[in-house]
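Examination of the molecular architecture
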Amino acid sequence: MKLDKISVRWQICFGFASFAAVLLILLWLFQIVFLDSFYQSIKTKNIESCAQAIVQNIDNKGLPALVDDISTQNDVSVRILDLDIKNLFQDLFSVQASPDSAIHRMTYMELYDYANRAKEKGGTLLETNSSQWNREYFIQGQYGGIYGVAPPADRLKNDSLIYVSLVTRTDRSSVMVMLHSSISPVNSTVETLRIQLMIITGILVALALVLSILISRMVSKPIVKINETAQSLAKGRYDVTFEGEGYKEIKQLNDTLNYAATELSKVEGLRRDLIANISHDLRTPLTMITGYGEMMRDIPGENTPENVQVIIDEATRLSSLVTDLLDISKLQSGAQSLSLTEFDLTQSVRSILKRYSLLTSQDGYKVEFICDTDVFVRADEIKISQVVYNLINNAVNYAGEDKTVIVTQRVVPGRVRLEVTDHGKGIAQEELPYIWDRYYKVDKTHKRAVIGTGLGLSIVKSVLDMHGADYGVTSQEGVGSTFWFEIDTILLR
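Residues numbered from 1 in each chain as written. Predicted model: local features only at pLDDT ≥ 70, side-chain atom pairs only at ≥ 80, totals over all residues. Heavy atoms only, no water.

**Looking at the overall build of the protein chain**
Note the threshold: Here a strand is any run of E in DSSP of at least two residues, a helix any run of H or I of at least four, and the numbering for each starts at the N terminus. Three labels apply to residues, based on accessible area from a 1.4 Å probe with only protein chains included: buried if under 20% of the type maximum, exposed if over 50%, partly exposed otherwise in between. What makes two residues a contact is simply this: any of their non-hydrogen atoms within 4.5 Å. Computed with the Shrake-Rupley method and a 1.4 Å probe, the accessible areas treat only the protein chains shown as cover for residues.
From N to C terminus, the protein chain includes 13 helices and 12 strands. For the protein chain, buried positions account for 38% of its 493 residues. Intrachain contacts of the protein chain at a sequence separation of at least 6 include 69% that bridge at least 24 residues. As presented, the protein chain carries roughly 28500 Å² of accessible surface, and 56% of it is formed by carbon and sulfur atoms.

**With respect to the side chain of Thr489**
With respect to the secondary-structure elements, Thr489 resides in strand E12 (residues 480-492). If we ignore the near neighbours within four places in the chain, the residues touching Thr489 are Val375, Phe376, Val377, Gly414, Arg415 and Val416.

**Here we look at the confidence of the model for the protein chain**
The condition is simple: pLDDT is a per-residue confidence score from the predictor, ranging from 0 to 100.
Per-chain confidence: the protein chain averages 78 in pLDDT, with 78% of residues scoring 70 or above. Counted against residues more than four places away or in other chains, residues 444-453, with its pLDDT under 50, gives 29 contacts.

**A word on the packing of aromatic side chains**
One pair of aromatic rings is described through two measures. These are the centre distance and the angle between the planes. Quick note on the threshold: Between the rings of Phe, Tyr and Trp (Trp by its six-membered ring), a pair exists once the centres lie within 6.5 Å; its type follows the angle of the planes, with under 30 degrees stacked, over 60 edge-to-face, and the other angles tilted. Two conditions define a charge sitting above a ring: the NZ of Lys or the CZ of Arg must be within 6 Å of the ring centre, and it must be within 35 degrees of the ring normal.
Under the defined criterion, the tally for this structure stands at one aromatic pair. Over the aromatic face of Tyr365 sits the side chain of Lys403, whose NZ or CZ is 5.1 Å from the ring centroid. Here Arg417 stacks its cationic end above the ring of Trp484, 4.0 Å away from the centre of that ring.

**Re the side chain of Asp380**
Defined as follows: Each polar contact in these results corresponds to two N or O atoms within 3.5 Å; when the atoms are within protein, one needs to be able to donate a hydrogen and the other to accept it, and residues that are neighboring in sequence are counted only if both atoms are side-chain atoms.
Inspection of the secondary structure assignment puts Asp380 in the loop between strand E8 (375-379) and helix H12 (381-397). Taking the relative accessible area as the measure of exposure, Asp380 reaches 5% and is therefore buried. Within the local environment of Asp380, its side chain forms a polar contact with the backbone nitrogen of Ser339, the two atoms lying 2.8 Å apart. When near neighbours in sequence (up to four residues on either side) are disregarded, Asp380 contacts Ser337, Leu338, Ser339, Leu340, Phe343 and His467.

**A look at unusual backbone geometry**
Excluding glycine, most residues fall at negative phi; most peptide bonds, likewise, are trans. Backbone geometry places Phe89, a non-glycine residue, at a positive phi of 65°. Counting through the fold element by element, Phe89 comes out in the loop between strand E1 (77-82) and strand E2 (91-95). The exposure class of Phe89 is buried, given its relative accessible area of 8%. Positioned with a positive phi, Lys403 is a non-glycine residue whose angle comes to about 50°. Mapped onto the secondary structure, Lys403 falls in the loop between H12 and strand E9 (404-412).

**Focus: the packing of H12 against helix H13 (residues 456-467)**
Definition in use: Note on geometry: axes are lines fitted to C-alpha atoms, helical ones only across the stretch in contact, with angles between N-to-C directions running from 0 to 180 degrees. Definitions for this section: a left-handed crossing has its near helix turned counterclockwise from the far helix by less than a right angle. A right-handed crossing has that turn clockwise. Note on residue categories: nonpolar means Ala, Val, Leu, Ile, Met, Phe, Trp, Tyr, Cys or Pro, charged means Asp, Glu, Lys or Arg, and polar means any other residue, Gly included.
H13 packs onto H12 with a crossing angle of 145° between their chain directions and a minimal axis gap of 9 Å. For the element pair H12 and H13, the recorded crossing hand is left-handed. Residue-level contacts link Lys383, Ile384, Gln386, Val387, Asn390, Leu391 and Asn394 of H12 to Gly456, Leu457, Ile459, Val460, Val463, Leu464 and His467 of H13. Its residues placed into classes, the contact of H12 with H13 shows eight nonpolar, five polar and one charged.

**Considerations on the sheet that holds E2**
For clarity, the cut-off: Any two strands with at least two DSSP-identified bridges between them are counted as paired.
With respect to topology, five strands assemble into an open sheet ordered E2-E1-E5-E4-E3, the strand pairing being antiparallel. Of all the strands in the sheet, just E2 and strand E3 (124-129) have a single pairing partner and so form its edges. Looking at each pair of strands side by side, their axes are set apart by 15° on average, direction ignored. The strands touched by helix H3 (residues 63-74) are E1 and E2; relative to E2, the strand with the most contacts, the crossing angle is about 30°.

**Quick notes on H13**
Rules: Residue count minus one, scaled by 1.5 Å, sets the expected span of a helix.
Given a rise of 1.5 Å per residue, 12 residues ought to cover 16 Å, and the 17 Å separating the end C-alpha atoms of H13 matches this to within 8%. For H13, the set of buried residues is Gly456, Leu457, Ser458, Ile459, Val460, Ser462, Val463 and Leu464. In the stretch just after H13, Gly468 is the one whose phi turns positive, near 70°.

**Describing the pattern of salt bridges**
We count it as follows: What counts as a salt bridge is simple: a side-chain nitrogen of Lys or Arg found within 4 Å of a carboxyl oxygen of Asp or Glu.
Under the defined criterion, the tally for this structure stands at 14 salt bridges. A salt bridge links Arg350 to Asp374, with the shortest nitrogen-to-oxygen separation between them at 3.2 Å. Of this pair, Arg350 sits in helix H10 (residues 345-354) while Asp374 sits in the loop between strand E7 (366-370) and E8; the two residues are 24 residues apart in sequence, bridging distant segments of the chain. For Arg350, a relative accessible area of 29% puts it in the partly exposed group. Residue classification places Asp374 among the buried residues on the basis of a relative accessible area of 16%. Among the ionic pairs, Asp380 bridges to Lys383, the shortest N-O distance being 3.6 Å.

**Quick notes on the environment of Ile12**
Within the secondary structure layout, Ile12 lies in helix H1 (residues 8-33). Ile12 gets classed as buried once you look at its relative accessible area, which sits at 17%. Each C-alpha atom, one on Ile12 and one on Leu211, is 9.7 Å from the other, the two residues being 199 residues apart in sequence. Apart from the residues within four sequence positions on either side, Ile12 is in contact with Ser212, Ile215, Ser216 and Val219.

**Here's the deal with the nonpolar core**
Keep this limit in mind: We define a nonpolar core as any set of buried Ala, Val, Leu, Ile, Met, Phe, Trp, Tyr and Cys residues linked to one another through side-chain atoms lying within 4.5 Å.
If you look at the biggest cluster of nonpolar residues, it comprises 37 residues, and the most contacted ones within it are Leu345, Val388, Leu391, Ile392, Phe483 and Phe485. Taken together, the elements giving at least two residues each to this core come down to H10, E8, H12, E9, strand E10 (415-422), H13 and E12. Setting aside anything within four residues of it in sequence, one finds Phe483 in contact with Leu391, Asn394, Leu418, Glu419, Val420, Ile427, Ile435, Trp436, Leu457, Gly472 and Val473. With 19 residues, the next largest nonpolar core counts Leu63, Ile70, Val78 and Leu179 among its residues.

Printed below as a string of structure tokens:
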């Protein structure tokens, strides 16, 4: 079964069970199966270390004391034998750590055999010695001196390590260093550990089961609650509140989802407003086109150039509305790219203002342009012109009683700042952070734009974001608003 089809509660239980199983397997392997191997490995390293310490100090006058310390601390029997032909295998120094030390009971031939085998192996020999020596020694009277009486069974099963090293001293004499260390039987230890591990296994299984149930509930309960609330959110209930409790990550998820629900609620409201506004903007020109067309068809003498011009203007308005909607969609989806060129921004603004000359003369609007010098920029000329046009059009639509719009070009080091100011009713401070949001409309009562479609600020934001430009707005209620943006300059003249 795939994990994505298992609930988080069962995944946690499965994880705890797997962890407990692995832990128990490791305990059984290391404490039961490999215990003897580990024990022998440790004993081997210990006797090798002791032998190296003795060999390195073979010419040291304090060797006897060193050997005594090594024997006492490590329970190791030591014999240092002379290899000179006259005193062959005579003890130069001997310490017997235990009564059944195999190296202290070896015959001359056995010592000779060990010396030859060590010589064949390069001067050192390490081997495990079974109870052969012990059996003969014990039978010869170690226990009561009675021939034929065997020692206890556990003594017969004892193995031991014998280490042999052939050493040449500074006076060119040779000696044989022999060490013996008993390997205690671990059967009883293994049996003890086995019983303990059986008890530990039961305890661990019970603890793993209890902990997995408790932790799975703690983790899964808030997730399940969040999931249920999220399902309501998916059905369009944006007034839901996520209240999952528990870990820090759960709280962060709650905050994120609550924020998402709030934003979705805003977007839904703005979407409704947009549909209402767009519907009005579409319905008005269509109504006028239909009305004027029927009038020209049904009433003699109404087929005048003025009526035809009304139809043309309304059709143009419809076309502009559709174009702006497509522009917003393309800009926000990243489907449009910039075509960067070097152009005179000041001259581009002057050209845009000429489009308002008819509006100025007919309706009394006044558009002023204040600049000190022409400024060249590197940007997408068509899109920047669209930004300027939409800002001016927005200012005209919301101009005050003086019907005055002021366009100001300010040059700062390396940049040019363009400001568009109106003297209208202004924007409330709490509304300012949202005016650039998609679908947002400050004036909830629909007002048909004098020029344009009413979607200008959405296009302005998208275009300026593509250019990486700075932009913003300052406004005071009853005084007016100033929209501005800044881009880099390339040349002043």
